[in-house]
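Coordinates in review
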Amino acid sequence: MSPNLESPLKSQVPALLLRRLFGAGARRDEAAAAKQQQVPWPSPPPAGRRRVFVQTESGCVLGMDLDRGDNAHTVKRRLQLALNVPTGGTSLTFGDRVLENDLSSVRHDSPLLLTRNSIHRSCSTPCLCPLSKDFEQKDSSGLVEILGSSSTSVKRLVDDVATGIRSGLDPVPIDSGLGGSYYFRDVGGDRVAIVKPTDEEPFAPNNPKGFTGRALGQPGLKKSVRVGETGFREVAAYLLDHENFANVPATALVKITHSVFNINRPMNGGTPAHDHKHQTTSKIASFQQFIAHDFDASDHGTSSFPVAAVHRIGILDIRIFNTDRHGGNVLVRKLDGGTGRFGCQTELFPIDHGLCLPENLEDPYFEWIHWAQASILFSEEELEYIRNLDPVRDATMLRRELPMIREACLRVLILCTIFLKEAATFGLCLAEIGEMMTREFRGMEEEPSKLEVVCMEARKKVAEWEPFSPDVEQGEDMGFQFSMDVLGGYSDVIRSPRFHCSGMKGSSFRNPLTKLVESMNEDNDDDEDRKEFSMHSPHHRIPSAESNPPGVHKTTSLNGSVHAVNRSADEQLPSSMCFVRLSDMSAEEWHVFVEKFQDLLKEALDECRAAGAQRMKQRLGTSCKF
């Protein structure tokens, strides 16, 4: 007889087996911790042991201790017994890596993801979290656990939140936004932190606002940012804000347990998990300090904003290639009777960085481009800060602090930081730099930004570099990059529009890629001819209905492999162009690309600076005073 999935876990899994799997000492630790008002920070694990947090595609989380002899199979077995989820045909992933027998690359406090190998993934399976209190005591040593290292201020916030939870103060769900987020309070009832579970993001399985349809690891609201991966991007923005230069609130990645979190109803019926009023659910989430504020930048005129504050937020946005900097995620605090850090009566706080550091260059959004402050030249202090930025050191730091981050995201960081440093050296203002990164629409076609144009030319020079043959360039590292052909909407081909020779928005910048674009268009036409010929060829096979299930379409990648694509969620999103990719280059190719990019960038910046004086005069007018 099959087990009853609605029954408590303790009726299905013997307690003795759980103790053997997860350690009998965890229960004693939890009982001791419950007697204290403050959450004791767990002591380091014994030598050779690491604590990890395994998350399923549906959002369920299990904390466990790894021994030296453990492998992916033993992790899956523990997950199956504890959470009653099937693990056949699944892979255990850690960022870009698929884990097999060797788990040495997994660090202490790392989040792992259990993904299905099948391309046609079902998102209808609910998160079957354990209902047994006995198990909850074995899974965690505290209500809130920080994943990785953290600052003293974050640890203090976690202590305050845990104390508030133990005092019976329930979190408050936030109505605004597309994803699930919650205000957590301290013992005095004051809001001190905002928590955003990764499985409640837009399109995630447990999104409480109806925006579901994808499993964790699939493309999200932005195609180059995967579902479930905005949380560590929030942390990355905080870590990259050196010396709190831009005022990003303290942020950490945590495993947090509470009954307030949402679990969606199964598609095939049954009792929805969130109907269990007292069921506690563990989730991986971003944990950010709550900032008391009066309004956001979309609710008020921007003329009172300090120039330095706008510049600092813009500098951060350029470095992290922020695709979602609108007025609603810049908080404004009025300082009545006093002055802030820049001698002004308003203070700005940038938040919501979950859509930064995409895996590919796409169209960013910088609200501050239209603010007059962005057209003021950088101060000497800001230029000094930019000069001291070290993109390689920043990438190394993120690999250390966020080992799950993908290499493609770090390449975007390095590229954008190099671009910022060169542009600032050439005397460009913040608005000019932002415009060079922003795409323009001409008619119904989306054109690449000036930054992308330079990258496309650099990719061409890499392809022409003698040590790299076309076969190697096309076939190497295909498993590493973000496979857009599988996920839909993107194409593995670097697509190039037929843009006008007159240049781009706001300048007389002459496109250096005219010949390249023409040759690529000719290649595309040749591809279409070959495709039409193959369709009429007697050797062309039409796939049968049995090989193509309902709702699943097939695409062909560059290497000719055929992939199944579940289009149901992709059809809800507008398609986005990918003009240039960074993830498919080998380490040697990437090194050559960066060198060529820097050489080509100087020429583009020269032309942009030559046309910038007149545009600056038009932008500022004569009545702009700060």
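On to the sheet that holds strand E8 (residues 182-185). Pairing is antiparallel across the open sheet formed by six strands, whose spatial order is E6-E10-E11-E9-E8-E7. The outermost strands of the open sheet, each flanked by one partner alone, are strand E6 (144-146) and strand E7 (172-173). Here strand E9 (residues 191-197) pairs with strand E11 (residues 281-289) via five bridges, running antiparallel. Each residue of the ladder has a partner; that of Lys-196, found in E11, is Ser-286.

What follows concerns helix H3 (residues 72-83). Over its 12 residues, H3 runs 16 Å from end to end, which matches the ideal 16 Å to within 8%, given 1.5 Å per residue. Taken together, the buried positions of H3 are Ala-72, Val-75, Lys-76, Arg-78, Leu-79, Leu-81, Ala-82 and Leu-83. The backbone nitrogen of His-73 has a side-chain oxygen 3.0 Å away, supplied by the residue at the start of H3, namely Asn-71. A positive phi of about 60° marks Asn-84, the residue just after H3.

Next up on the list: the packing of aromatic side chains. Applying the stated rule across the entire model yields eight aromatic pairs. A ring pair is formed by Tyr-183 and Phe-290, whose centres lie 5.5 Å apart and whose planes are at 85°; its orientation type is edge-to-face. Of the two residues, Tyr-183 is situated in strand E8 and Phe-290 in the loop between E11 and strand E12 (295-296); the sequence distance between them amounts to 107 residues. The same class applies to Tyr-183 as to Phe-290, namely buried. Ring centres of Trp-590 and Phe-593 lie 5.6 Å apart, and the angle between their planes is 20°; this geometry places the pair in the stacked category.

Residue placement: Ser-224 occurs in the loop between E9 and helix H6 (230-240). Using a relative accessible area of 0% as the deciding quantity, one classes Ser-224 as buried. A distance of 2.4 Å separates polar atoms of two side chains, one belonging to Ser-224 and the other to Glu-362.

Attention now moves to the confidence of the model for the chain. Per-chain confidence: the chain averages 75 in pLDDT, with 65% of residues scoring 70 or above. Within the model, the stretch residues 472-574 combines pLDDT values under 50 with 175 contacts to residues more than four positions away or in other chains. Counting interchain partners and residues more than four positions distant, the pLDDT-below-50 stretch residues 620-626 has nine contacts.

Attention now moves to the environment of Phe-597. Counting through the fold element by element, Phe-597 comes out in helix H16 (residues 587-620). Distance in space between the C-alpha atoms of Phe-597 and Val-454 is 6.6 Å, their sequence separation being 143 residues. Among residues more than four places away in sequence, those in contact with Phe-597 are Leu-415, Ile-418, Phe-419, Leu-451, Val-454, Cys-455 and Ala-458.

Attention shifts here to the pairing of strand E1 (residues 50-56). Within E1, seven of the seven residues are buried, leaving the element largely enclosed by the surrounding structure. Bridge count between E1 and strand E2 (residues 61-66): six bridges; the pairing is antiparallel. Considered in E2, the bridge of Val-54 is made with Leu-62. Adjacent in sequence and paired antiparallel, E1 and E2 are bridged by four residues, among which Gly-59 carries a positive phi angle near 105°. Pairing between E1 and strand E5 (residues 110-116): five bridges, direction parallel. Residue pairing for E5: Phe-53 is matched across the bridge by Pro-111.

Cut-offs used in this document
Residues numbered from 1 in each chain as written. Predicted model: local features only at pLDDT ≥ 70, side-chain atom pairs only at ≥ 80, totals over all residues. Heavy atoms only, no water. Pairing = 2+ DSSP bridges. Helix = DSSP H or I, 4+ residues; strand = E, 2+ residues; numbered from the N terminus. Expected span 1.5 Å × (residues − 1). Buried < 20%, exposed > 50% of the residue type's maximum accessible area, 1.4 Å probe, protein only. Polar contact = N/O pair within 3.5 Å; in protein donor to acceptor, adjacent residues only side chain to side chain. Phe/Tyr/Trp six-rings, centres within 6.5 Å; stacked < 30°, edge-to-face > 60°. pLDDT = per-residue confidence, 0-100. Contact = heavy atoms within 4.5 Å.

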